[in-house]
Amino acid sequence: MLNTERLRIYPASREQMKAMIASEQDAELKKAYSEMLEGCVRNPEQWDWYAIWMIEKTDGTHVGDLCFKGLQENGIAEIGYGILEEYQGQGYATEAVHAACRWAFLHPVVRSLEAETDEENATSQRVLEKCGFRPNGTFGEEGPRFTLDRPIDATEGTR
C-alpha cells in the first residue's frame, strides 16, 4: 500500500477486480480491466504490475484507479490512471501518479515509465508533466506518449 498525505493507493484483490469488471458500464474500460485481471492470473508473481490499483482518500472514499501495464523485460513499464469525474481537478491524479512512480523506481529493474494520453486531454498531459514525464515524440493508440526516466537516486519512495 502507498500512502500519501490524502490518499491510500493499493493493488486490488482478485475479488475487487472481478467486482469492478462486473459493475463497469463502459465497454472499453471493462475490456481493459478484464485484460488486467488476465495479466494478474497469468503472472501472479508480478501481480502489482498488472493489477488495478485502487485510489482512495484516507477516509476510504474511492476516487479513481491506476495501473501498470506489465513490466517489460527491457525495464520499461507503462502507467495508466483515471479519476472519477466528481473528484477531478483536485490534484488526486498528480498525487497518485507521483506516488506510483516513486514505488516503481524502488524496483532496480525499472529503467523508465511511459504513459500515453489522448491528444485532446490537456489535463492528463499536465498531470504527466507535473510528475516529470516528457513527450518522447511517438504516438500510441491513445495519442502522444510520455516518458519518465529513472532518477539518478531512486532509493527514496513511498511505501
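Before reading further, recall that the structure is shown in the block above.
Residues numbered from 1 in each chain as written. Predicted model: local features only at pLDDT ≥ 70, side-chain atom pairs only at ≥ 80, totals over all residues. Heavy atoms only, no water.

Colleague: Tell me about the overall build of the chain, and please be specific about residues and values.
Modeller: When you go through the chain residue by residue, the secondary structure sums to 5 helices and 8 strands. Listing each helix as α and each strand as β along the chain from the N terminus yields β-β-α-α-α-β-β-β-α-β-α-β-β. Here the C-alpha radius of gyration of the chain, 15 Å, is about what a compact globule of 159 residues would show, namely 15 Å. Its C-alpha atoms give the chain principal-axis dimensions of roughly 40 × 35 × 35 Å. Buried positions account for 47% of the 159 residues belonging to the chain. In the chain, of all internal contacts separated by at least 6 residues, the share reaching a separation of at least 24 is 57%. Here the chain has roughly 8,900 Å² of accessible surface; of this, 48% comes from carbon and sulfur atoms. (Helix = DSSP H or I, 4+ residues; strand = E, 2+ residues; numbered from the N terminus. Rg over C-alpha atoms; globule rule 2.2 N^0.38 Å. Buried < 20%, exposed > 50% of the residue type's maximum accessible area, 1.4 Å probe, protein only. Contact = heavy atoms within 4.5 Å. Areas by Shrake-Rupley, 256 points an atom, 1.4 Å probe, with all protein chains shown as cover.)

Colleague: Got a sec to walk through the side chain of Asp65? Specific residues and values, please.
Modeller: Secondary-structure assignment places Asp65 in strand 4 (residues 62–71). Among buried charged residues, Asp65 stands out as having no salt bridge; its nearest opposite-charge side chain is Lys69, 10 Å away. At a separation of 2.7 Å, a polar atom in the side chain of Asp65 contacts the side chain of Tyr33. In this view, Asp65 contacts Met20, Tyr33, Ile52, Trp53, Ile55, Tyr81 and Gly82; residues no more than four positions away in its chain are not counted. (Lys, Arg positive; Asp, Glu negative; His and termini not counted. Salt bridge = Lys/Arg side-chain N within 4 Å of Asp/Glu carboxyl O. Polar contact = N/O pair within 3.5 Å; in protein donor to acceptor, adjacent residues only side chain to side chain.)

Colleague: Describe the pairing of strand 8 (residues 144–149), listing the residues and the values that go with them.
Modeller: Among the 6 residues in strand 8, 5 count as buried, and that is most of the element. Judged from the 5 bridges that link them, strand 6 (residues 112–116) and strand 8 form a sheet pairing that is antiparallel. Within strand 8, the residue paired with Leu113 across the bridge is Leu148. Pairing between strand 7 (residues 134–139) and strand 8: 3 bridges, direction antiparallel. Across the sheet, residue Phe139 finds its bridge partner in strand 8, namely Pro144. Counted between consecutive antiparallel strands, the loop separating strand 7 from strand 8 contains 4 residues, among which Gly143 sits at a positive phi close to 145°. (Pairing = 2+ DSSP bridges.)

Colleague: I'd like a rundown of the pattern of salt bridges, residues and numbers included.
Modeller: Overall, the coordinates contain 8 salt bridges when judged by the stated rule. Its salt-bridge partner being Lys31, residue Glu35 comes within 3.2 Å of it at the nearest N-O pair. A residue pair is termed a helical-turn pair when its members lie 3 or 4 positions apart in one helix, as Glu35 and Lys31 do in helix 2 (residues 27–42) at 4 residues. Classification of Lys31 by relative accessible area gives exposed; the value is 55%. Glu78 is the partner of Arg145 in a salt bridge, and the nearest nitrogen-oxygen pair spans 3.5 Å. You can see Arg145 sitting in strand 8 and its partner Glu78 sitting in strand 5 (residues 76–83), a full 67 residues away along the chain. Grouping residues by exposure puts Arg145 and Glu78 together as buried. One continuous salt-bridge network, built from bridges that share partners, spans Lys69, Glu78, Glu114, Glu116, Glu142 and Arg145.

Colleague: Please provide a residue-by-residue account of the nonpolar core, values included.
Modeller: Residues Ile9, Met17, Trp49, Phe68, Leu113 and Phe133 are the most contacted members of the largest nonpolar core, which totals 48 residues. The element contributing the most residues to this core is helix 4 (residues 92–105), with 10 residues. Filtering out sequence-adjacent residues up to four positions away, Leu113 remains in contact with Phe68, Ala77, Cys101, Ala104, Phe105, Phe133, Phe146, Thr147 and Leu148. (Core = buried A, V, L, I, M, F, W, Y, C linked by side-chain atoms within 4.5 Å.)

Colleague: So, helix 2: which residues are in play, and what are the values?
Modeller: For the α-helix, the turn length of 3.6 residues means that residues three or four positions removed from each other point alike. Across its 16 residues, helix 2 extends 22 Å between first and last C-alpha, which sits within 8% of the 22 Å expected from 1.5 Å per residue. Those residues of helix 2 not exposed but buried are Tyr33, Met36, Leu37, Gly39 and Cys40. One side of helix 2 carries all its buried residues, which in axial view fall inside an arc of 155°. Exposed residues lying more than 90 degrees from the buried face of helix 2 are Ala27, Glu28, Lys31 and Arg42. Tucked into the core, helix 2 has its buried residues touching helix 1 (14–23), helix 3 (47–50), strand 3 (52–57) and strand 4. Looking at where helix 2 begins, the residue whose side-chain oxygen comes 3.0 Å from the main-chain nitrogen of Glu28 is Asp26. (Expected span 1.5 Å × (residues − 1). Arc of directions from axis to C-beta.)

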